[in-house]
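Read off the chains here:
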Amino acid sequence: MMETIKVRGITIGEGMPKVCIPMIGHTIEHLKEEATLLKTLDFDVVEWRVDFFEHVEEIAKVKEALQEIRGILPHAPLIFTFRSAKEGGEKSIRTSDYIELNSEIIKTKAVDIIDVELFNEEKHIRELIDRAHENNVFVIISNHDFDKTPAKGEIISRLRKAQELGGDIPKIAVMPTNTKDVLILLDATREMKELYADRPIITMSMSGKGVISRIACEVFGSALTFGAAKHASAPGQVAVADLRNTLNLLHNNLQ
């Protein structure tokens, strides 16, 4: 039976795919401006991409920024993500710092979900999952390939591994080099959802070629999709208003 993830009144894995808007401000002031703008938009979930934050290596500053975001968006489901440079993020940090950052933020109980990258040591992944669950925080286990689209079997294997490790939401994002690659990602999503997934999954094909995967996700089985407020955090993100309208159109015609 398919499990769902319920966060602050939003159920991920049920009904129409949920819309997530990333926050990518470099300073606390920028983040406050972003959070204020988000109050005017139609979204379900917020992701704070903390790797964009200029003081990310100072945990006290990260906590200060988080407090400001929460003050403006007190009821929004919030994902906390440090995306490493090797997976398309803005910075590289030591593994020990990555674990400490996520652990300290988990303990604040001010975030609802953390994102942990699949290509870390298994013991570190399990450590963060255990710590998160002890504090009633969910975990996305993610993988991002900005160079290519792996074979369908490999995509499914990575999603299944994320599920086996105990991640609440397995996620994969891949880069298409041609239209066939987009079909590979979509079919891998379908197969994962139909045969293996017992919890919500998130998949996407990036760049312009892959936009169809961000808007047709309900058809194939992805439970959440990312839209841009002002600036995209990854190639292929579309404006949140356009995304919502298209998701509604598809959802209403699937009934």
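Structure: see above.
Rules used in this analysis
- Residues numbered from 1 in each chain as written.
- Predicted model: local features only at pLDDT ≥ 70, side-chain atom pairs only at ≥ 80, totals over all residues.
- Heavy atoms only, no water.
- Axes fitted to C-alpha atoms, helices over the stretch in contact; angles between N-to-C directions.
- Helix = DSSP H or I, 4+ residues; strand = E, 2+ residues; numbered from the N terminus.
- Parallel < 35°, antiparallel > 145°, perpendicular 65-115°, else oblique.
- Left-handed = near helix turned anticlockwise from the far one by under 90°.
- Contact = heavy atoms within 4.5 Å.
- Nonpolar A, V, L, I, M, F, W, Y, C, P; charged D, E, K, R; others polar.
- Pairing = 2+ DSSP bridges.

A. Structural view of the packing of helix α1 (residues 28-38) against helix α2 (residues 59-72). In the contact formed by α1 and α2, the axes pass within 9 Å of each other and the chain directions differ by 20°. Looking at the two axes, α1 sits roughly parallel to α2. For α1 against α2, the interelement crossing comes out right-handed. Residues Ile-28, Leu-31, Lys-32, Ala-35 and Thr-36 of α1 lie in contact with α2, whose contacting residues are Lys-61, Glu-64, Ala-65, Glu-68, Ile-69 and Ile-72. By residue class, the composition of the contact of α1 with α2 is six nonpolar, one polar and four charged.

B. Structural context of the sheet that holds strand β7 (residues 138-145). On the basis of which strands lie adjacent, the open sheet formed by nine strands has the order β9-β8-β7-β6-β5-β4-β3-β10-β11 and parallel pairing. Because the sheet does not close on itself, it has two edges, and the strands there are β9 (202-205) and β11 (238-239). Here β7 pairs with strand β8 (residues 169-174) via six bridges, running parallel. Looking at the pairing, Ile-140 lines up with Ile-169 of β8.

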